[in-house]
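Each chain, written out:
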Amino acid sequence: MFQLGKTIVSEDLLEKDFVCNLAACKGACCIDGDAGAPLELQETKIMQDIYPKIKPFLRQEGIDAIEAQGTFITTEDGEFETPLIDGADCAYVIFDKKGTALCAFEEAYNQGETDWKKPVSCHLYPVRVKEYSEFSALNYHKWEICDAACTLGKELQVPVYKFVKQALIRKFGEDWYMELEKVAENQKSQGKRTT
């Protein structure tokens, strides 16, 4: 771990490789698991506001789940998450003709219906951010459903931090990311990066 401003960053972000391989996993991270995507407070308001624009992209099961649970849910710990369909799929998941899970938020964004891409936690994946009062902790989340992404990342030699560059900039800013790149280059020049 190393400190960067008000963040504590796992070295895994620099040392592990990762490139999403949707052809292999079919978007399993959006349909596997037992919890919705983590949300920030300000995102819950955005989701409420843009729901009418997202609704035409959704499956009926997603609409039913959202209309029963709300555009987001609050967990017992007071955290915010996307609602699920029958405790499995994210309510905002849609499928393409090949059966690959896609995000309704991202589809609406790609088609110019909204200017909000998707929850930052989804954009950042496989990086997970845990907020503490004094700092944010960034960790690499290893999940077997992403084994193909690790393999592809290794083939293409793309470390996690580069794969999620736009999401990291969105969350922490351009200056923070440039500092992260300096740390990565420093470690590389010292031969610390494992391949």
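Quick note: structure is the one above.
Rules used throughout
- Residues numbered from 1 in each chain as written.
- Predicted model: local features only at pLDDT ≥ 70, side-chain atom pairs only at ≥ 80, totals over all residues.
- Heavy atoms only, no water.
- Helix = DSSP H or I, 4+ residues; strand = E, 2+ residues; numbered from the N terminus.
- Contact = heavy atoms within 4.5 Å.
- Pairing = 2+ DSSP bridges.
- Axes fitted to C-alpha atoms, helices over the stretch in contact; angles between N-to-C directions.
- Parallel < 35°, antiparallel > 145°, perpendicular 65-115°, else oblique.
- Phe/Tyr/Trp six-rings, centres within 6.5 Å; stacked < 30°, edge-to-face > 60°.
- Buried < 20%, exposed > 50% of the residue type's maximum accessible area, 1.4 Å probe, protein only.
- Core = buried A, V, L, I, M, F, W, Y, C linked by side-chain atoms within 4.5 Å.

Colleague: Would you mind showing me how to read the environment of Tyr161 here?
Modeller: Note on placement: Tyr161 falls in helix α8 (residues 160–163). The residues contacting Tyr161, other than those within four sequence positions of it, are Leu13, Leu14, Leu168, Tyr177, Leu180, Glu181, Ala184 and Glu185.

Colleague: I keep staring at the sheet that holds strand β4 (residues 73–74) and nothing clicks. Help me out?
Modeller: The pairing of strands in a sheet happens through backbone hydrogen bonds and is either parallel or antiparallel. Here we have three strands laid out as an open sheet, ordered β3-β5-β4, and antiparallel in their pairing. Here the strands that pair on one side only, and so sit at the sheet edges, are β3 (38–39) and β4. Across two bridges, the pairing between β4 and strand β5 (residues 80–81) is antiparallel. Within β5, the residue paired with Thr74 across the bridge is Phe80.

Colleague: Please explain the packing of helix α9 (residues 165–172) against helix α10 (residues 174–189) as it appears in this structure.
Modeller: Two numbers describe a pair of packed helices, the interaxial angle and the distance between the axes. Where α9 meets α10, the closest approach of the two axes is 7 Å, and the angle between their N-to-C directions is 130 degrees. Between α9 and α10, the angle is such that the two are oblique. Every residue of α10 that contacts α9 at Lys165, Leu168, Ile169 and Phe172 is listed here: Glu174, Trp176, Tyr177 and Leu180.

Colleague: Just checking my understanding: could you explain the packing of aromatic side chains for this structure?
Modeller: Here a ring pair, both rings aromatic, is described through the centre-centre distance and the interplanar angle of the planes. Counting across every chain of the model gives eight aromatic pairs. Where Phe18 meets Phe163, the ring centres are 5.4 Å apart and the plane angle is 55 degrees; that geometry is what we call tilted. Of the two residues, Phe18 sits in the loop between α1 (12–15) and α2 (22–25) while Phe163 sits in helix α8, which places them 145 residues apart along the sequence. Judged by its relative accessible area of 1%, Phe18 is buried. Measuring from centroid to centroid gives 6.2 Å for Tyr161 and Tyr177, while their planes differ by 40 degrees, and the two rings are tilted. Remark: Tyr177 occurs in helix α10 and Tyr161 occurs in helix α8; sequence separation between them is 16 residues. Grouping residues by exposure puts Tyr161 and Tyr177 together as buried. Through a chain of ring-to-ring contacts, three or more aromatic side chains come together here, namely Tyr92, Phe105 and Trp116.

Colleague: Where do I start with the nonpolar core in this structure?
Modeller: Generally speaking, a soluble globular protein has its nonpolar side chains buried in company with each other. Of all hydrophobic cores here, the largest spans 26 residues; its most connected members are Leu13, Tyr161, Leu168, Trp176 and Leu180. Looking at this core, the elements with two or more residues in it are β1 (2–4), α1, α6 (120–124), β11 (136–140), α7 (147–156), α8, α9 and α10. Of all the elements, α10 adds the most residues to this core, at four residues. Each residue touching Trp176, except ones within four places of it in the same chain, is listed here: Leu4, Thr7, Val9, Leu138 and Leu168.

Colleague: Help me understand the sheet that holds β11 in this model?
Modeller: With mixed pairing, the four strands of this open sheet are ordered in space as β1-β2-β11-β10. Pairing within the sheet leaves two strands with one partner each, and these edge strands are β1 and β10 (127–131). Each neighbouring strand pair of the sheet contributes to a mean axis angle of 25 degrees, computed without reference to strand direction. In terms of strand pairing, strand β2 (residues 7–9) meets β11 through three bridges, oriented parallel. Note that in β11 the partner of Ile8 across the bridge is Ala137. Most of the contacts of α10 go to β1, to which it runs at about 150 degrees, and overall it touches β1, β2 and β11.

So yeah, pure geometry; function would need other evidence.
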